[in-house]
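Examination of the molecular architecture
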Amino acid sequence: MTTSKRRMPTRRELAIWRGYIETYDILRNRLEARLHQDSELSNGDYRVLLALSEAEEHTLRSSALAAHIEWERSRLSGHLGRMEKRGLVRREPCAEDARGSQVVLTDEGARAFRASTVPHLQAIKETFLDAFTDEQLDVLGEATVALRAHLGLPPIASDGKASASGTPTAAPPAS
């Protein structure tokens, strides 16, 4: 890969960027709409439920959960309040630190997550994966590795998890 010392992107580079970002936005919106239609979960709900489903004992400190899904703690707090009202999660005082709280996946949250997974994975296949040949997916994978390295992000392991921070990837990392 060659890097340019130009100050500004070329028209070609801007066209590639614009095509990528506009297509990504449309893809993300369609996947989020399908997720909500199929399961009545928002993308934010899915990201929280995915993180908790993968966590030890299905619980995380709220600050760790916010870091895990890369949300501001205030945004997460409001979202968790709405999820609590729907019975998907509950917050408990943190035993080690009275200022913190633990977010726990409820049985209802686990059921909702399990019920949403197959339709969500089918939507990913239909709207994204089916558009490409195996060779094209290999190129996209290589491009993703390069972009993540450029951004200082950990590589994605074969199980779909980021190897260091654990950013969930079973759902599109929107937001």
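On a predicted model such as this, the values are computed, not experimentally measured, just so you know.

Cut-offs applied
Residues numbered from 1 in each chain as written. Predicted model: local features only at pLDDT ≥ 70, side-chain atom pairs only at ≥ 80, totals over all residues. Heavy atoms only, no water. Pairing = 2+ DSSP bridges. Helix = DSSP H or I, 4+ residues; strand = E, 2+ residues; numbered from the N terminus. Axes fitted to C-alpha atoms, helices over the stretch in contact; angles between N-to-C directions. Contact = heavy atoms within 4.5 Å. Phe/Tyr/Trp six-rings, centres within 6.5 Å; stacked < 30°, edge-to-face > 60°. Lys NZ or Arg CZ within 6 Å of the ring centre and 35° of its normal. pLDDT = per-residue confidence, 0-100. Salt bridge = Lys/Arg side-chain N within 4 Å of Asp/Glu carboxyl O. Buried < 20%, exposed > 50% of the residue type's maximum accessible area, 1.4 Å probe, protein only. Patch = residues over 30% accessible without salt bridge, like charges linked within 9 Å, V, L, I, M, F, W, Y side chains within 5 Å. Areas by Shrake-Rupley, 256 points an atom, 1.4 Å probe, with all protein chains shown as cover. Parallel < 35°, antiparallel > 145°, perpendicular 65-115°, else oblique. Nonpolar A, V, L, I, M, F, W, Y, C, P; charged D, E, K, R; others polar.

Details of the sheet that holds strand E1 (residues 59-61)
- Taken together, the three strands give an open sheet; going across it, the order is E1-E3-E2, and neighbouring strands pair in antiparallel fashion. This sheet does not close on itself; its edge strands, each paired only once, are E1 and strand E2 (89-93). The average undirected angle you get between the axes of adjacent strands in this sheet is 25°.
- For E2 and strand E3 (residues 101-105), the ladder comprises five bridges, and the chain directions are antiparallel. Residue Arg 90 lies in a different strand from E3, and its bridge partner there is Val 104.
- Running over the sheet, helix H3 (residues 62-69) touches E1 and E3 and is turned about 95° from E1.

Section: unusual backbone geometry
- One non-glycine residue, Glu 40, lies in the positive phi region at around 60°.
- Structurally, Glu 40 can be placed in the loop between helix H1 (11-39) and helix H2 (43-54).
- Here Glu 70, not a glycine, exhibits a phi torsion of approximately 60°, which is positive.
- In this fold, Glu 70 is placed in the loop between H3 and helix H4 (73-85).

Things to note about the packing of aromatic side chains
- Taken as a whole and assessed by the stated rule, the structure comprises four aromatic pairs.
- Clustering of aromatic rings is evident, with ring pairs tying together Trp 17, Tyr 20 and Tyr 24.
- Arg 75 extends its terminal NZ or CZ atom over the ring of Trp 71, reaching a point 3.9 Å from the ring centre.

Details of the confidence of the model for the protein
- Per-residue pLDDT for the protein has a mean of 89; in total, 87% of the residues score no lower than 70.
- Note on residues 163-175: pLDDT is under 50 here. Beyond four places in sequence and across chains, it has 43 contacts.

Examining the pattern of salt bridges
- All told, the structure shown has nine salt bridges when counted by the stated rule.
- Close ionic contact of Glu 22 with Arg 18 constitutes a salt bridge, the shortest N to O distance being 2.6 Å. Of this pair, Glu 22 and Arg 18 both sit in helix H1, separated by four residues, roughly a single helical turn.
- Among the residues examined, Arg 18 registers a relative accessible area of 53% and is labelled exposed.
- Between Glu 92 and Arg 90 there is a salt bridge whose closest N-O contact spans 2.7 Å.

So, a nonpolar patch on the surface
- Among the surface-exposed residues, Leu 14, Trp 17, Tyr 20, Leu 147, Leu 151 and Leu 153 lie close enough to one another that they form a single nonpolar patch of about 610 Å² accessible area.
- Tallying contributions element by element places H1 first for the nonpolar patch, with three residues.
- One can find Leu 151 in the segment after helix H6 (134-150).
- The class for Leu 151 is exposed, based on a relative accessible area of 54%.

Concerning the packing of H3 against H4
- Between H3 and H4, the least distance of the axes is 9 Å, while the angle of their chain directions is 110°. When the interaxial angle is binned, H3 and H4 end up roughly perpendicular. Within the contact between the two elements, H3 uses Ser 62, Ser 63, Leu 65, Ala 66 and Ile 69 and H4 uses Arg 73, Leu 76 and Leu 80.
- By residue class, the composition of the contact of H3 with H4 is five nonpolar, two polar and one charged.

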